[in-house]
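One letter stands for each residue in the lines below.
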Amino acid sequence: MLTASIRHIFNYASFGSRNFHLSVVLPAEPLKKKKRVDPQVELERIRKKTRRIEKEIKRLEQRGRYLKPLDEIEGERHFIKTLDSRERKLPAPSQTEVEQRALLMKEWTRFKWRQLDTECQLLANQRRELYRAMQHLRMLDPSLFELASQPDESLLGLSLSGPLYTLPQSADVFDAVDGDYRDVTPTYRYTFEVDKKMTFGKKK
Amino acid sequence: AALWRSGSAATPGLTRSGRLLSVGLLIQRKAVLTPDLTELETRASDLFTRLDFERSRLSDFELRDRAESEAAKRSLSAAAEGKVQVARDGAVITAKDLMQRWAAEQQAVTLASREAADPSLKRPAVLLSTDADLCLPCCPVVDGDASLRAACDRLLELMGLTASCRLLGNAPVGLHTYKYKKSPVSLFLHRAIFTGADWRSAEASGSWKWVDADSLPGRVPDRRLLKKLRLLAAEF
């Protein structure tokens, strides 16, 4: 019986038949033992990750991105690579032009030093005048002096604009369009949707 | 309490150590137009502009213009030699077209003339009274004033400039002492800045006028006060 069965196998199920074949040897390490994962621990891990991401998004929405320190900024690589091709080929200034430039720079430096000196003297004189006024006030009325010594909090929001190069055009030359200014700058708000399974909350 | 006039009866005010306390406002208006550059400033500005240009690199737009110019030269030379050039799919609008368009847009813009504007707008000014006897707005400190700053706020309200003027600081910036009808007076000067949209609104009432530093000697009779005003109203 056994011989018959073996003969049957070799007659009808040989190595060239469609049923049995030898595959290529596949070298691989044995599979790792599957760890049993606690579902609660896994859920907690996912929730922590989600919370961290939500916190980061909230921080970004409130304060924006952290700016890189100036010392660490390397510049755009595109410009660094094309630096040689961006050189301006201008003729070198003549000797006369160089001398004129040097003389002008000297004159300008002297002018700015005189201006600085004048402004420093002006500031010192104004400070002296203020000190004198406060001393006089303290002598006359110490309570008024105390109140005058308090810092002025309303100065923080002060903002001034101008001066302009020219005055606004008259209405017959340029008639400004009526209406309110609408800022249509596109802004993109990222919405992070978290699966309800991963968030805290009352579970039904 | 009304505005205190030096030539008329004074309103009773607070006295300390026999001196009458009063506050004065130095309301300054910044220059409305930029001042003209001197000859040296113009030359220096031109030099710095030229140096910035020489030390700079070509921008992306200038690179594009250079590349298009070289391509155009090659096309012309090839066409002159009779070679057939395969038309490339490139931008229809070249950098030179854009520059011409910008130049045309710039020519269409007409600015208001600076020469026609009042020259005094190019300098800062101080608000003084149009009355020959008065100069600065001032008023005595009365019992109802909690501080000098409160007296200044009341004075601004009397002048009707509360919304368009902003007091700078609680402390006085200067002191002027003089005698009024043989009574010594201490006038504490406070600095305020005009922040209204239209500087002409302060002159609308006809009682006040903007005066620049050059015209101060003709408006302020007291030489000591004039010296102080020139110091305190100086611009940096």
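Residues numbered from 1 in each chain as written. Chains lettered and ligands numbered in written order. Predicted model: local features only at pLDDT ≥ 70, side-chain atom pairs only at ≥ 80, totals over all residues. Heavy atoms only, no water.

**Points about the nonpolar core**
Generally speaking, soluble globular proteins have nonpolar side chains that are buried together.
Part 1 of the argument: If you look at the biggest cluster of nonpolar residues, it comprises 38 residues, and the most contacted ones within it are B:L25, B:I27, B:L127, B:M159, B:L161 and B:W210.
Part 2 of the argument: Of all elements in the fold, only α4 (95–140) and α5 (142–149) of chain A together with β2 (19–29), β3 (125–129), α4 (148–159), β5 (165–167), β7 (183–194) and β8 (208–212) of chain B reach the threshold of two or more residues within this core.
Part 3 of the argument: The element best represented in this core is α4(B), accounting for six residues.
Part 4 of the argument: Filtering out sequence-adjacent residues up to four positions away, B:L25 remains in contact with B:L136, B:P137, B:C152, B:L155, B:L156, B:M159, B:L167 and B:H190. (Core = buried A, V, L, I, M, F, W, Y, C linked by side-chain atoms within 4.5 Å. Buried < 20%, exposed > 50% of the residue type's maximum accessible area, 1.4 Å probe, protein only. Helix = DSSP H or I, 4+ residues; strand = E, 2+ residues; numbered from the N terminus. Contact = heavy atoms within 4.5 Å.)

**Looking at the interface of chain B and chain A**
Part 1 of the argument: With 59 residues of chain B at the interface, the matching set in chain A holds 47 residues.
Part 2 of the argument: Roughly 5000 Å² of surface becomes buried between chain B and chain A when both sides are summed, with 64% attributable to carbon and sulfur atoms.
Part 3 of the argument: It is B:R57, B:L231 and B:F236 that lose the most area in chain B upon contact with chain A, and together they represent 13% of the buried surface on that side.
Part 4 of the argument: At the junction of chain B and chain A, the tally comes to six salt bridges.
Part 5 of the argument: Across the pair B:R43 and A:E107 runs a salt bridge, and its minimum N-O distance is 3.7 Å.
Part 6 of the argument: At the junction of chain B and chain A, the tally comes to 20 residue pairs in polar contact (both at pLDDT 80 or more).
Part 7 of the argument: Listing elements by their share of the side of chain B that touches chain A, those giving two or more residues are β2, α1 (39–55), α2 (60–81), α4, β5, β6 (174–180), β7 and α6 (223–232) of chain B.
Part 8 of the argument: Ranked by residue count, the leading element in the side of chain B that touches chain A is α1(B), at ten residues.
Part 9 of the argument: Residue composition of the side of chain B that touches chain A, grouped by class: 31 nonpolar, twelve polar and 16 charged. (Buried area = accessible area lost by both parts, 1.4 Å probe. Salt bridge = Lys/Arg side-chain N within 4 Å of Asp/Glu carboxyl O. Polar contact = N/O pair within 3.5 Å; in protein donor to acceptor, adjacent residues only side chain to side chain. Nonpolar A, V, L, I, M, F, W, Y, C, P; charged D, E, K, R; others polar.)

**Observations regarding the pattern of salt bridges**
Part 1 of the argument: In total, this model carries 21 salt bridges over all chains according to the counting rule given.
Part 2 of the argument: Close ionic contact of A:R88 with B:E62 constitutes a salt bridge, the shortest N to O distance being 3.0 Å. With A:R88 in the loop between α3 (77–81) and α4 and B:E62 in helix α2, this residue pair bridges two chains.
Part 3 of the argument: A salt bridge links B:E54 to A:R101; its shortest N-O distance comes to 2.9 Å. Residue B:E54 is found in helix α1, and its partner A:R101 is found in helix α4; the two belong to separate chains.
Part 4 of the argument: Several salt bridges converge on common partners, so that one network encompasses A:E97, A:R101, B:R50 and B:E54.

**Some words on the confidence of the model for chain A**
Part 1 of the argument: In this model, chain A carries a mean pLDDT of 82, and residues with pLDDT of at least 70 account for 82%.
Part 2 of the argument: Ranking the elements of chain A by mean pLDDT puts helix α1 (residues 2–12) of chain A last, at 50, and α4(A) first, at 96. (pLDDT = per-residue confidence, 0-100.)

**Quick word on the state of the cysteines**
Part 1 of the argument: What the rule picks out here adds up to zero disulfides over all chains.
Part 2 of the argument: You can see B:C152 has no disulfide; the closest cysteine sulfur is in B:C139, sitting 7.3 Å from it. (Disulfide = S-S within 2.5 Å.)

**Topic: the pairing of β2(B)**
All names here are of chain B.
Part 1 of the argument: Within β2, eleven of the eleven residues are buried, which leaves it mostly tucked inside the rest of the structure.
Part 2 of the argument: Across the two faces of β2 the burial is the same, with R19, L21, V23, L25, I27 and R29 and L20, S22, G24, L26 and Q28 all buried.
Part 3 of the argument: Bridge count between strand β1 (residues 15–16) and β2: two bridges; the pairing is antiparallel. Within the sheet, the bridge partner assigned to T15 lies in β2 and is L20. (Pairing = 2+ DSSP bridges.)

**Focus: α4(A)**
Part 1 of the argument: Over its 46 residues, α4(A) runs 68 Å from end to end, which matches the ideal 68 Å to within 8%, given 1.5 Å per residue.
Part 2 of the argument: By the burial criterion, the buried members of α4(A) are A:R101, A:L104, A:W108, A:F111, A:L122, A:Q126, A:E129, A:A133, A:M134, A:H136, A:L137 and A:L140. (Expected span 1.5 Å × (residues − 1).)

**Describing α1(B)**
Part 1 of the argument: With 17 residues, α1(B) extends 24 Å between its outermost C-alpha atoms, agreeing within 8% with the 24 Å of an ideal straight helix rising 1.5 Å per residue.
Part 2 of the argument: Residues B:L40, B:A44, B:L47 and B:L51 constitute the buried set of α1(B). All buried residues of α1(B) project into a common sector of 60° when viewed along the axis, lining one side. For α1(B), the exposed residues lying more than 90 degrees away from the buried face are B:E39, B:T49 and B:D52.
Part 3 of the argument: The inward-facing, buried residues of α1(B) abut α4 of chain A. (Arc of directions from axis to C-beta.)

**Examining the packing of aromatic side chains**
Here the distance between the centres and the angle between the planes together describe a pair of aromatic rings.
All names here are of chain B.
Part 1 of the argument: On inspection of all chains with the given rule, the structure shows four aromatic pairs over all chains.
Part 2 of the argument: With a centroid separation of 5.2 Å and an interplanar angle of 35°, the aromatic rings of F61 and W102 are classed as tilted. One end of the pair, F61, is in helix α2; the other, W102, is in helix α3 (residues 95–108), and 41 residues separate them in sequence.
Part 3 of the argument: Judged by its relative accessible area of 23%, F61 is partly exposed.
Part 4 of the argument: Their ring planes at 75° and their centres at 5.4 Å tell us that F194 and W210 sit as a pair that is edge-to-face. (Phe/Tyr/Trp six-rings, centres within 6.5 Å; stacked < 30°, edge-to-face > 60°.)

**So, the packing of α4(A) against α6(B)**
Part 1 of the argument: Where α4(A) meets α6(B), the closest approach of the two axes is 9 Å, and the angle between their N-to-C directions is 120°. Relative to α6(B), the element α4(A) lies oblique. Regarding α4(A) and α6(B), the two cross each other, and that crossing is left-handed. Between α4(A) and α6(B), the contacting residues are A:L122, A:N125, A:Q126, A:E129 and A:R132 on the first element and B:K228, B:L231 and B:L232 on the second.
Part 2 of the argument: Counted by class, the contact of α4(A) with α6(B) contains three nonpolar, two polar and three charged residues. (Axes fitted to C-alpha atoms, helices over the stretch in contact; angles between N-to-C directions. Parallel < 35°, antiparallel > 145°, perpendicular 65-115°, else oblique. Left-handed = near helix turned anticlockwise from the far one by under 90°.)

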